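Here are the chains, one letter per residue:
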Amino acid sequence: MSLLTDIHLPAVQLVSVTKGYPGAPADAPVLNDVTLGFPERAMTAVMGPSGSGKTTLLHCAAGLDRPDSGRVYLGDTDLTECDEDAMTQLRRGRIGFVFQQFNLLPMLTAYENVALPLRLRGLRVGGSAVREALRRVGLEDRADHLPAQLSGGQQQRVAIARTLMGEPEIVYADEPTGSLDRASGRQVMRLLRDLVDVEGRTVVVVTHDPVAAAVADRVVFLVDGGIRGMVEEPTPEKVAARLSTWEA
Ligand code: ADP
Ligand code: MG
């Protein structure tokens, strides 16, 4: 066990999580008996071939989807025991999710996109809170821009600012740099890293890029719905070497 896992309790713990889909063979579920913890105040990267179950893993861990069997603990709370209302409260209050395609509304400005989730819940949103969220992602001067007037990297940072409005303990990001050029991708990864180092949050990020993965504290490899190893204190070289073992 590394020092990291010794001193950081898991913020999220999956225990024997199995998940299939209608049509998937019962003996080959998308997630097959996955037991895995995401240490708190640390950044975990998840890598694996396309179709290996990474998105399904994140959705189950974030309460966006339910496993067929197994348990998912967020701290002491077992998500698999929560009803829909309790799950909605957790997703609003403790869990953030960032998508590859940003999911911004095109007719709303950056400011309005950041304010929207709280407004939809009927909450009054102070302008200073929105501007502070945009400042944290380095976009305080882009508040009045529409998504189409922003680069892909800037749009993703707006999406991260929107997530931060809920002050989530844990932020999941599913291929957040998958649609970005390399420089913008690096900037987004640095921002996710700062959520851990500066703000003390827990971050889990799916990526295909060994350089991006090396920003994390540890990389978990998922193949055919099962964990196939981890790299602690990753470097791009260590990660690429591990990837090549199943790409070969
Ligand atoms: P990854 O994110 O690693 O590419 P996914 O978790 O998206 O993998 O998908 C894993 C497998 O589950 C794939 O074979 C995919 O086709 C299948 N799958 C994912 N979602 C569904 C769904 N809603 N219905 C049926 N099959 C699905
Ligand atoms: Mg995916």
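Values in this document were obtained by computation on a predicted structure and should not be read as measured data.

## Side note on the site of ligand 1
Argument step 1. Around ligand 1 lies a shell formed by Tyr21, Val30, Pro49, Ser50, Gly51, Ser52, Gly53, Lys54, Thr55 and Thr56.
Argument step 2. Gly51 has a polar backbone atom sitting 2.7 Å from an oxygen atom of ligand 1.
Argument step 3. Between ligand 1 and Lys54 there is a distance of 2.8 Å, counted from an oxygen atom to a side-chain nitrogen or oxygen.
Argument step 4. Notes on ligand 1: free accessible area 560 Å², of which the protein chains cover 55%.
Argument step 5. Its residues assigned to classes, the shell around ligand 1 shows three nonpolar, six polar and one charged.

## Observations regarding the pattern of salt bridges
Argument step 1. Applying the stated criterion across every chain, the model contains 16 salt bridges.
Argument step 2. We note a salt bridge from Arg201 to Glu167, for which the minimum N-O separation is 2.7 Å. Taken together, the residues Arg201 in the loop between α7 (182-197) and β8 (202-206) and Glu167 in the loop between α6 (152-164) and β7 (170-174) connect sequence positions 34 residues apart.
Argument step 3. According to the relative accessible area criterion, Arg201 is buried, its value standing at 8%.
Argument step 4. Arg193 serves as the salt-bridge partner of Asp197, at 2.9 Å between the closest nitrogen and oxygen. Pair noted here: Asp197 and Arg193 are both in helix α7, with a separation of four residues, about one helical turn.
Argument step 5. One salt-bridge network, in which partners are shared between bridges, spans Arg136, Glu167, Glu199 and Arg201.

## As for the packing of aromatic side chains
Argument step 1. On inspection of all chains with the given rule, the structure shows three aromatic pairs.
Argument step 2. Centroid distance Phe38 to Tyr172: 6.3 Å. Interplanar angle 75°. Geometry classified as edge-to-face. With a gap of 134 residues between them, Phe38 in strand β2 (residues 31-39) and Tyr172 in strand β7 connect regions that are remote in the sequence. Across the pair, exposure class does not vary: Phe38 and Tyr172 are buried alike.
Argument step 3. Seen from their ring centres, Phe97 and Phe99 are 4.9 Å apart, and the 40° between their planes marks the pair as tilted.
Argument step 4. The exposure class assigned to Phe97 is buried, which follows from its relative accessible area of 13%.
Argument step 5. The class of Phe99 is partly exposed, set by a relative accessible area of 29%.

What counts and how
Residues numbered from 1 in each chain as written. Chains lettered and ligands numbered in written order. Predicted model: local features only at pLDDT ≥ 70, side-chain atom pairs only at ≥ 80, totals over all residues. Heavy atoms only, no water. Near = heavy atom within 4 Å. Polar contact = N/O pair within 3.5 Å; in protein donor to acceptor, adjacent residues only side chain to side chain. Areas by Shrake-Rupley, 256 points an atom, 1.4 Å probe, with all protein chains shown as cover. Nonpolar A, V, L, I, M, F, W, Y, C, P; charged D, E, K, R; others polar. Salt bridge = Lys/Arg side-chain N within 4 Å of Asp/Glu carboxyl O. Helix = DSSP H or I, 4+ residues; strand = E, 2+ residues; numbered from the N terminus. Buried < 20%, exposed > 50% of the residue type's maximum accessible area, 1.4 Å probe, protein only. Phe/Tyr/Trp six-rings, centres within 6.5 Å; stacked < 30°, edge-to-face > 60°.

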